[in-house]
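As a plain string of letters, each chain reads:
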Amino acid sequence: MDVIKKIIEGVSNLPTLPTVYTNLSQAMENPNTTKEEIARIISADQAASFKILKVANSPFYGLRGRVDTITQALLYLGFNEVKNIVFALSVINAFSKNKNFKKFTPIDLWAHSIGVGVATRLIGAAVGEKNLENYFLAGIFHDIGKLVFFEYVPNEYAKVIDLVETKKIPVKDAELEILGLNHARAGQLIAEKWKLPQSVVNIVSSHHTGLIGNNVNTLLAAVHLGDIIARALDLGYGGDNYIPEPNIKVWDILKLPKGFFSSARKKMKDDFDRLTKIMLSD
Amino acid sequence: MSKLISIDEIQDGMILAEPIQNRFGHTLLGANIKLEEKHVKFLKSCGIQTIYIVDENDNSSNKQYDSETLEKAKALLNQRITWRPKNEYENELIEFVTQHILEKL
């Protein structure tokens, strides 16, 4: 069967996301929903609540004082950021973690994605972006297309991984050669199917270029650079070892403070270590 | 050498490495200030999340490596980066990767 057809069929039969996420989304669409109701929905899933509190308490979010309840997490992090964390945890659980190829596993990929999320949010904070909601989530989801390949065309994807090695080319080029589409396109299909916000769909489809047309999009530029940083620091593994050339335009969009890279290195590694432990443990 | 930390990690006596500005470009705190609890409260009220502090423990960039290690790092770097830096940011990025590779060797 044609790869694209397999993926489109696969995506339309996608495993449903856990009840906690669907209930939460529905509740949040209703403007009359109270914070207490949201807290009750999340608290009904004990495993998810436990992880949310751990994430909220990690220095990554830089909150002062302890977050002991979901109500506090909603208050300090905001509804959307908590929903984002629930969503990220739900998706990590929805895909199987046992489709392992010789040198590339879903765990490597999730770790890479968490690394990109950490770097992206730190870039956003360093350039003075006020609304950092979605920065971490965008990093987590940027490579969702690779998960689609793992899940629906594992045999063909094994060939992609081999080609990266034998031909010494980046995984996105090997995907195009073997499958006829790369993970940015496959990811776009699933992101649209899941009705992710357009900002996240754009990240998935355009993180390699960091730009859509001539529009200034700080979040997209931050993910583009966050991907390069995560690769540079070996935070997880995205399928090849290359550190791509940044799109020259992102420097003008972001205007990073001088010395950002060396000064943020330790925090990126520390936040990455903590968050992968919390988010990828069962 | 400065280090980016979240304001949650501020400890009394840490030195601010770079001035903190709000979104209108007004300076809230100048560089080289010794941070105390009152500063943390103030920054929190201004919605500041991260700051640069002077990192006294960091001497990684001063560490000396022998020429063999440096050569090895350069070879690894060239396998992973096949482009040339075009501006100061990209020089910093390459320096950042080099430090990481040297630490792993």
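**Student:** What exactly am I supposed to notice about the overall build of chain B here?
**Tutor:** Along its length, chain B carries three helices and four strands. Overall, chain B shows an N-to-C arrangement of helices and strands of β-β-β-α-β-α-α. A compact globule built from 105 residues would reach a C-alpha radius of gyration of about 13 Å, whereas chain B, at 18 Å, exceeds it by more than 25%. The C-alpha extent of chain B, read off along each of the three principal axes, is 50 × 30 × 20 Å. Counting only residues that meet the buried cut, chain B has 20% of its 105 residues in that class. Sequence-distant contacts, at least 24 apart, represent 63% of the contacts inside chain B between residues at least 6 apart.

**Student:** I keep staring at the overall build of chain A and nothing clicks. Help me out?
**Tutor:** From N to C terminus, chain A includes 16 helices and zero strands. Over its C-alpha trace chain A gives a radius of gyration of 18 Å, about what one expects of a compact globule, namely 19 Å for 282 residues. Oriented by its inertia axes, the alpha-carbon framework of chain A measures out at about 55 × 45 × 35 Å. Looking at chain A as a whole, 48% of its 282 residues are labelled buried. Within chain A, residue pairs in contact and separated by at least 24 positions form 67% of the contacts whose partners lie at least 6 positions apart.

**Student:** Would you mind showing me how to read the confidence of the model for chain A here?
**Tutor:** Parts of the model with low pLDDT should not have their predicted coordinates read in detail. Averaged over every residue, the pLDDT of chain A is 89; the share at 70 or more is 96%. Taking the mean pLDDT of every element in chain A, the minimum, 77, falls on helix H1 (residues 3–12) of chain A and the maximum, 97, on helix H14 (residues 218–232) of chain A.

**Student:** Help me understand the environment of Ser263(A) in this model?
**Tutor:** Along the chain, Ser263(A) turns up in helix H16 (residues 260–280). With 22 C-beta atoms counted inside 10 Å, the residue Ser263(A) sits in the buried group. With residues up to four places along the chain from it excluded, the contact list for Ser263(A) reads Ser2(B), Lys3(B), Leu4(B) and Tyr52(B).

**Student:** Can you help me understand the packing of helix H3 (residues 35–43) of chain A against helix H5 (residues 70–77) of chain A in this one?
**Tutor:** Helix-helix packing is characterised by the crossing angle of the two axes and by the distance between the axes. Residue and element names in this part refer to chain A. H5 packs onto H3 with a crossing angle of 120 degrees between their chain directions and a minimal axis gap of 9 Å. Relative to H5, the element H3 lies oblique. As H3 runs across H5, the sense of the crossing is right-handed. For the pair H3 and H5, the contacting residues are Lys 35, Ile 38, Ala 39, Ile 42 and Ser 43 in the first and Ile 70, Thr 71 and Leu 74 in the second. Grouping the constituent residues of the contact of H3 with H5 by class yields five nonpolar, two polar and one charged.

**Student:** What is the right way to read helix H4 (residues 46–57) of chain A from this model?
**Tutor:** Since one α-helical turn is 3.6 residues long, residues separated by three or four positions face the same way. Residue and element names in this part refer to chain A. For H4, which comprises twelve residues, the first-to-last C-alpha distance of 17 Å matches the rise-based estimate of 16 Å (1.5 Å per residue) to within 8%. All of the buried residues along H4 are Ala 48, Ile 52, Val 55 and Ala 56. Taken end-on, H4 shows its buried residues confined to a sector of 95 degrees, consistent with a single buried face. Relative to its buried face, H4 has exposed residues pointing more than 90 degrees away, namely Gln 46, Ala 47 and Phe 50. Contacts from the buried residues of H4 go to helix H2 (19–29), H3, H5, helix H6 (79–94) and H16.

**Student:** How do you make sense of the interface of chain B and chain A when you look at a structure like this?
**Tutor:** Much of the literature gives interface size as the accessible area that the parts lose upon coming together. If you look at the interface, chain B gives 27 residues, while chain A gives 28 residues. Where the side of chain B that touches chain A is concerned, the elements lending two or more residues are strand S1 (2–6), strand S4 (50–54) and helix H3 (88–104) of chain B. Element by element, the count of residues in the side of chain B that touches chain A is highest for H3(B), at seven residues. Residue composition of the side of chain B that touches chain A, by class: ten nonpolar, seven polar and ten charged.

**Student:** Would you mind showing me how to read the confidence of the model for chain B here?
**Tutor:** All names here are of chain B. Averaged over every residue, the pLDDT of chain B is 85; residues scoring 70 or more account for 90%. The lowest-confidence element of chain B is S1, averaging 80 in pLDDT; the highest-confidence one is H3, averaging 94. Across the interface, the model reports ipTM at 0.84; the global pTM reads 0.81.

**Student:** Explanation requested: the packing of helix H2 (residues 67–80) of chain B against H3(B) in the structure shown.
**Tutor:** All names here are of chain B. At a minimum axis separation of 10 Å, H2 and H3 run at an interaxial angle of 125 degrees. Taken together, H2 and H3 sit at an angle that is classed as oblique. Of the two possible hands of crossing, H2 and H3 adopt the one that is right-handed. Facing H2, whose interface residues are Thr 69, Ala 73, Leu 76 and Leu 77, H3 presents Val 97, Thr 98, Ile 101 and Leu 102. The residue makeup of the contact of H2 with H3, split by class, is six nonpolar, two polar and no charged.

**Student:** Just checking my understanding: could you explain the nonpolar core for this structure?
**Tutor:** When a protein is soluble and globular, its nonpolar side chains tend to lie buried together. All names here are of chain A. With 103 residues, the main nonpolar core has Ile 42, Ile 52, Val 86 and Leu 122 as its most contacted residues. If one sorts the elements of this core by residue count, helix H7 (residues 106–126) sits on top with eleven residues. For Val 86, the residues in contact, after removing those within four places along its chain, are Val 20, Tyr 21, Leu 24, Ile 42, Ala 48 and Ile 52.

**Student:** It is not clear to me how the environment of Thr69(A) should be interpreted in this structure. Could you clarify?
**Tutor:** Residue and element names in this part refer to chain A. Looking at where Thr 69 falls in the secondary structure, it is placed in the loop between H4 and H5. On the basis of neighbour count, Thr 69 is assigned to the partly exposed category, with 13 C-beta atoms found within 10 Å. Taking the C-alpha atoms as reference, Thr 69 lies 9.4 Å from Phe 50; in sequence the two are 19 residues apart.

Definitions and limits used
Residues numbered from 1 in each chain as written. Chains lettered and ligands numbered in written order. Predicted model: local features only at pLDDT ≥ 70, side-chain atom pairs only at ≥ 80, totals over all residues. Helix = DSSP H or I, 4+ residues; strand = E, 2+ residues; numbered from the N terminus. Rg over C-alpha atoms; globule rule 2.2 N^0.38 Å. Buried ≥ 20, exposed ≤ 12 C-beta atoms within 10 Å, placed from the backbone. Contact = placed C-beta atoms within 7 Å. pLDDT = per-residue confidence, 0-100. Axes fitted to C-alpha atoms, helices over the stretch in contact; angles between N-to-C directions. Parallel < 35°, antiparallel > 145°, perpendicular 65-115°, else oblique. Left-handed = near helix turned anticlockwise from the far one by under 90°. Nonpolar A, V, L, I, M, F, W, Y, C, P; charged D, E, K, R; others polar. Expected span 1.5 Å × (residues − 1). Arc of directions from axis to C-beta. Core = buried A, V, L, I, M, F, W, Y, C linked by C-beta atoms within 7 Å.

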